[in-house]
Amino acid sequence: LAVTPGPAGSIFDEKMYDKIKALRTRFPDMIIEVDGGVNPQTATKMKAAGATQVCAGSYIFNQADPVRAFQELLDA
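For clarity, every value in this text was computed on a predicted model and none was experimentally measured.

Colleague: Just checking my understanding: could you explain the packing of helix H1 (residues 16-26) against helix H2 (residues 40-49) for this structure?
Modeller: In helix packing, the relevant descriptors are the interaxial angle and the interaxial distance, both defined with respect to the helix axes. At a closest axis distance of 8 Å, the pairing of H1 and H2 adopts a crossing angle of 30°. Overall, the two elements H1 and H2 adopt an arrangement that is roughly parallel. Contacts from Tyr17, Ile20, Lys21 and Arg24 of H1 reach H2 at Thr42, Lys45, Met46 and Ala49.

So, in structure tokens, the structure goes:
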């Protein structure tokens with residue numbers, strides 16, 4: 001979880017990028033899924049840090065066009 005537990009829509013904790021990188025270094029073949037604060041910008045950075053999957057809820061469902069928002073994450 002990349003946010004402080006609580007209400008949906010919380011802001012991504014920037015310190016998590018280093019944790020993702022550390023996990024990737026220590027476990028190169030592990031699936032790393034990140035949940036919390038996911039949007040196209042953070043998803044791109046998460047993947048660059050070594051995440052293999054992201055989980056988004058608020059970003060998708062708070063958009064006027066959830067299908068487009070989902071596609072934006074796939075393209076990130």
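Colleague: Just to check I follow, could you spell out H1 for this structure?
Modeller: Those residues of H1 that fall on the buried side of the exposure criterion are Met16, Tyr17, Ile20 and Arg24. Each buried residue of H1 lies within a common arc of 105° when the element is viewed along its axis, so the set occupies one face. Of the residues in H1, the exposed ones pointing more than 90 degrees away from the buried face are Asp18, Lys19, Thr25 and Arg26. Its buried side turned inward, H1 meets strand S1 (33-35) and H2.

Colleague: I would appreciate a short explanation of the nonpolar core in the present structure.
Modeller: Phe12, Ile20, Val34, Met46, Ala51 and Leu73 are the most contacted members of the largest nonpolar core, which totals 15 residues. Elements supplying a minimum of two residues to this core: H1, H2, helix H3 (58-61) and helix H4 (66-75). Residue contacts for Leu73: discarding those within four places in its chain leaves Val38, Asn39, Pro40, Ala43, Lys47, Ala56, Tyr59 and Ile60.

About the criteria used
- Residues numbered from 1 in each chain as written.
- Predicted model: local features only at pLDDT ≥ 70, side-chain atom pairs only at ≥ 80, totals over all residues.
- Heavy atoms only, no water.
- Axes fitted to C-alpha atoms, helices over the stretch in contact; angles between N-to-C directions.
- Helix = DSSP H or I, 4+ residues; strand = E, 2+ residues; numbered from the N terminus.
- Parallel < 35°, antiparallel > 145°, perpendicular 65-115°, else oblique.
- Contact = heavy atoms within 4.5 Å.
- Buried < 20%, exposed > 50% of the residue type's maximum accessible area, 1.4 Å probe, protein only.
- Arc of directions from axis to C-beta.
- Core = buried A, V, L, I, M, F, W, Y, C linked by side-chain atoms within 4.5 Å.

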